[in-house]
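# Close look at the chain arrangement
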Amino acid sequence: MTTEDPDDRALWSQAAGGGPRAFGVLFDRHAKAVYNHCFRLTASWAEAEDHLQATFLLAWRKRGEVRLERESALPWLLTVATNVVRNDQRSVLRRLRNLRRVGEERAVPDHADQVAERLDDQRRMKELLGAVAKLPRNEREALALCVWSEVSYADAAAVLGITEGSVRARVSKAKSRLQQQHRELVHTGEDR
């Protein structure tokens, strides 16, 4: 962002006023971070793509209702993305339960065999998510925002509604627990 580029709050206001170009700039600015955040929550590049699209579609629909509290839209977008992923995971679980009741289980073809690197990323990320799932929810959220998506502690504190010191403590505890048990997994999920 140059000194002439408007900040996210100004772009959001323009988009709320009907400026699709301003929203496009916000998308270009934050899509990669949201995409990588979604991958880290799902361990699937394909699902991350779907969740990225759903996040920005929801942001577009809510652009007139939501007022950014911070200069950056990224913390809010990451929170929306987290909720999109959670809602999708709940929907998947409901569909699986319904399929079990009916007695039909259909195999879903895995097209990722052609992309060995992505498959390996997904395997490692699933292992890490298994380890992260054992952490308390507050530590998982702080870790995802501050470590994986590189949101500042101050912005994470604002989004989570806690003090910056609490965010730092949660991140520190999460890292310590993961490193004790899963040292080789901590650096999984490189950005694409």
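For the structure, check the block above.
Before going into details, it helps to say that this report is about the structure given with it. Source: prediction; values computed, not measured. (Residues numbered from 1 in each chain as written. Predicted model: local features only at pLDDT ≥ 70, side-chain atom pairs only at ≥ 80, totals over all residues. Heavy atoms only, no water.)

Here we take up the overall build of the chain. The helix and strand tally for the chain stands at eight helices and zero strands. Going residue by residue from the N terminus, the α and β elements of the chain occur as α-α-α-α-α-α-α-α. The buried share of the chain, taken over its 192 residues, is 36%. Pairs at least 24 apart in sequence give 66% of the contacts found in the chain among residues at least 6 apart. Here the chain displays about 11700 Å² of accessible surface, and carbon together with sulfur accounts for 48% of that area. (Helix = DSSP H or I, 4+ residues; strand = E, 2+ residues; numbered from the N terminus. Buried < 20%, exposed > 50% of the residue type's maximum accessible area, 1.4 Å probe, protein only. Contact = heavy atoms within 4.5 Å. Areas by Shrake-Rupley, 256 points an atom, 1.4 Å probe, with all protein chains shown as cover.)

So, about the side chain of D155. Mapped onto the elements of the fold, D155 is located in helix α7 (residues 153–160). D155 gets classed as buried once you look at its relative accessible area, which sits at 16%. Among the polar contacts listed, one links the side chain of D155 to the side chain of R70, at a separation of 2.6 Å. Discounting residues that sit within four places of it in the chain, D155 has contacts with R70 and P75. (Polar contact = N/O pair within 3.5 Å; in protein donor to acceptor, adjacent residues only side chain to side chain.)

Time to look at the packing of helix α6 (residues 137–148) against α7. For the pair α6 and α7, interaxial distance at closest approach is 9 Å and the crossing angle is 140°. For the element pair α6 / α7, the angle class is oblique. Of the two possible hands of crossing, α6 and α7 adopt the one that is right-handed. Contacts from E141, A142, L145 and C146 of α6 reach α7 at Y153, A156 and L160. Each residue belonging to the contact of α6 with α7 can be placed in one class, and the counts come to six nonpolar, no polar and one charged. (Axes fitted to C-alpha atoms, helices over the stretch in contact; angles between N-to-C directions. Parallel < 35°, antiparallel > 145°, perpendicular 65-115°, else oblique. Left-handed = near helix turned anticlockwise from the far one by under 90°. Nonpolar A, V, L, I, M, F, W, Y, C, P; charged D, E, K, R; others polar.)

Once the charged atoms of two side chains with opposite charge are near each other, the side chains can pair. Scanning the model with the defined rule gives eight salt bridges in all. For E65, the salt bridge identified is with K62, shortest N-O distance 3.8 Å. Judged by relative accessible area, which is 31%, K62 ranks as partly exposed. Residue R86 is joined to E141 by a salt bridge in which the shortest nitrogen-to-oxygen separation is 2.9 Å. Separated by 55 residues along the polypeptide, R86 in helix α4 (residues 74–102) and E141 in helix α6 bring together distant segments of the chain. The exposure class assigned to R86 is partly exposed, which follows from its relative accessible area of 23%. (Salt bridge = Lys/Arg side-chain N within 4 Å of Asp/Glu carboxyl O.)

Once that is clear, we can look at the packing of aromatic side chains. This model, assessed by the stated rule, comprises seven aromatic pairs. An angle of 80° between the planes, with centres 6.2 Å apart, marks the rings of F23 and F56 as edge-to-face. Placement of the pair is F23 in helix α2 (residues 20–42) and F56 in helix α3 (residues 45–62), with a sequence separation of 33 residues. Overall, F23 belongs to the buried group, its relative accessible area being 9%. With 3.7 Å between their ring centres and 5° between their planes, F39 and W45 make a pair best called stacked. Judged by its relative accessible area of 0%, F39 is buried. A relative accessible area of 1% means that W45 is categorised as buried. (Phe/Tyr/Trp six-rings, centres within 6.5 Å; stacked < 30°, edge-to-face > 60°.)

As for its placement among the helices and strands, A15 is situated in helix α1 (residues 8–16). For A15 and R63, which are 48 residues apart along the polypeptide, the C-alpha to C-alpha distance reads 6.7 Å. Apart from residues lying up to four places away in sequence, A15 is in contact with A22, F23 and R63.

Most peptide bonds take the trans form, and the phi angle of most residues other than glycine is negative. Unlike most non-glycine residues, A43 shows phi in positive territory, near 65°. For A43, the position within the fold is in the loop between α2 and α3. The backbone phi angle of E150 is positive, close to 55°, even though this residue is not glycine. Relative to the assigned elements, E150 resides in the loop between α6 and α7. A relative accessible area of 65% places E150 in the exposed class.

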